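# Survey of secondary and tertiary structure
These are the residues of each chain, in order.
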Amino acid sequence: MLEISFAPVSAADDAEFVSEVTALVNEVYADGEKGIWRDETARTDAAEIASFIRAGELVVARLGTVPAGTVRLQRLPGGEGEFGMLTAHPQHRGAGLGRELVAFAESWAREQGLAVMQLELLYPTEWEHPVKAFLRGWYTRIGYRLVHTADFAESYPRLAPLVATPCDFLVFHKTL
């Protein structure tokens, strides 16, 4: 049975849970962003995951007691909702888990009185990354529209040395 909910703030102090979620996010991103980052670049670490939990921003999808997916939700200063760090365990891809997590995110935004949901997608500029191309198409099919493109190195100069290839940062919006 799939259960999707915000991780309780107390889970930030559960080292085993934080480690499990961190490993899931890093595994999914290592596969989904292969060739974009320099070798050994992790998407996140335990301290960042714990900080998202403490801030009440991390949603976890569980099958039984096992984390099967995640999404980070936040309210942006401009009044939009934003989801990021969307993950689905490789064993559960194609089963609708990502769609369920996005539906949860959009429902949360509506409950918060937010009219727009935003997502950002790192996208290589010199070659087509199959996972990123799939995600771009999928986000478009579920109603997201590209509203801004920025050079990743200009937007995130601290992270620029970690990418292995030039990338754009695509910003999508969906009116809720």
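For every chain, the first residue of the written sequence is number 1, and numbering continues from 1 onward in sequence order. Only residues with pLDDT of at least 70 get local features here, since the model is predicted, and only at 80 or more are side-chain atom pairs given and counted; chain-wide, interface and lining totals rely on the full set of residues. Based on all heavy atoms of the structure, the side-chain values leave hydrogens and waters out of the count.

Moving on, we come to the confidence of the model for the protein chain. What pLDDT expresses is the predictor's confidence in each residue, scored from 0 to 100. When the pLDDT values of the protein chain are averaged, the result is 95; 100% of them are 70 or greater. Mean pLDDT per element in the protein chain: helix H5 (residues 152-155) is the minimum at 92, and helix H2 (residues 46-54) is the maximum at 98. Numbered from the N terminus, helices here are DSSP runs of H or I no shorter than four residues, and strands are runs of E no shorter than two.

Turning to the pattern of salt bridges, a few remarks are in order. A pair is scored as a salt bridge if a Lys or Arg side-chain nitrogen falls within 4 Å of a carboxyl oxygen belonging to Asp or Glu. One pass over the structure, following the stated rule, counts six salt bridges. Note that Lys 132 and Glu 33 form a salt bridge whose closest N and O atoms lie 2.7 Å from each other. Of this pair, Lys 132 sits in helix H4 (residues 130-141) while Glu 33 sits in the loop between helix H1 (15-32) and H2; the two residues are 99 residues apart in sequence, bridging distant segments of the chain. For every residue, the accessible area obtained with a 1.4 Å probe (protein chains only) is divided by the maximum for its type, and the residue is called buried under 20%, exposed over 50%, and partly exposed between those limits. The class for Lys 132 is buried, based on a relative accessible area of 4%. Where Glu 57 meets Arg 72, a salt bridge forms, and the shortest distance between an N and an O atom there is 2.8 Å. In this pair, Glu 57 sits in the loop between H2 and strand S2 (58-63) while Arg 72 sits in strand S3 (residues 66-75), placing the two residues 15 residues apart along the sequence. Looking at Glu 57, the relative accessible area reads 15%, which means it is buried.

For the pair H1 and H2, interaxial distance at closest approach is 9 Å and the crossing angle is 110°. In terms of orientation, H1 and H2 fall into the roughly perpendicular class. As H1 runs across H2, the sense of the crossing is right-handed. Together, Phe 17, Val 18, Val 21, Thr 22 and Val 25 of H1 and Ala 46, Ile 49, Ala 50 and Ile 53 of H2 make up the contact between the two elements. As a working rule, the residues Ala, Val, Leu, Ile, Met, Phe, Trp, Tyr, Cys and Pro are called nonpolar, Asp, Glu, Lys and Arg charged, and the rest polar, with Gly in that last group. Per-class residue counts for the contact of H1 with H2 are eight nonpolar, one polar and no charged. Fitted lines through C-alpha atoms serve as axes, helices being fitted only where they are in contact, and the angles separating the N-to-C directions of these axes extend from 0 to 180 degrees. Note that the term roughly parallel is reserved for angles under 35 degrees, roughly antiparallel for angles over 145, roughly perpendicular for angles of 65 to 115, and oblique for everything else. Helix crossings get a hand from a simple test, with the near helix turned counterclockwise from the far one by less than a right angle marking a left-handed crossing and a clockwise turn marking a right-handed one. We call two residues contacting when some pair of their heavy atoms lies within 4.5 Å.

With that settled, consider the environment of Met 1. With respect to the helices and strands, Met 1 occurs in the segment before strand S1 (2-6). Taking C-alpha positions, Met 1 is 5.7 Å from Leu 63, a pair spaced 62 residues apart along the chain. For Met 1, the contacting residues outside a window of four places in its chain are Arg 62, Leu 63 and Gly 64.

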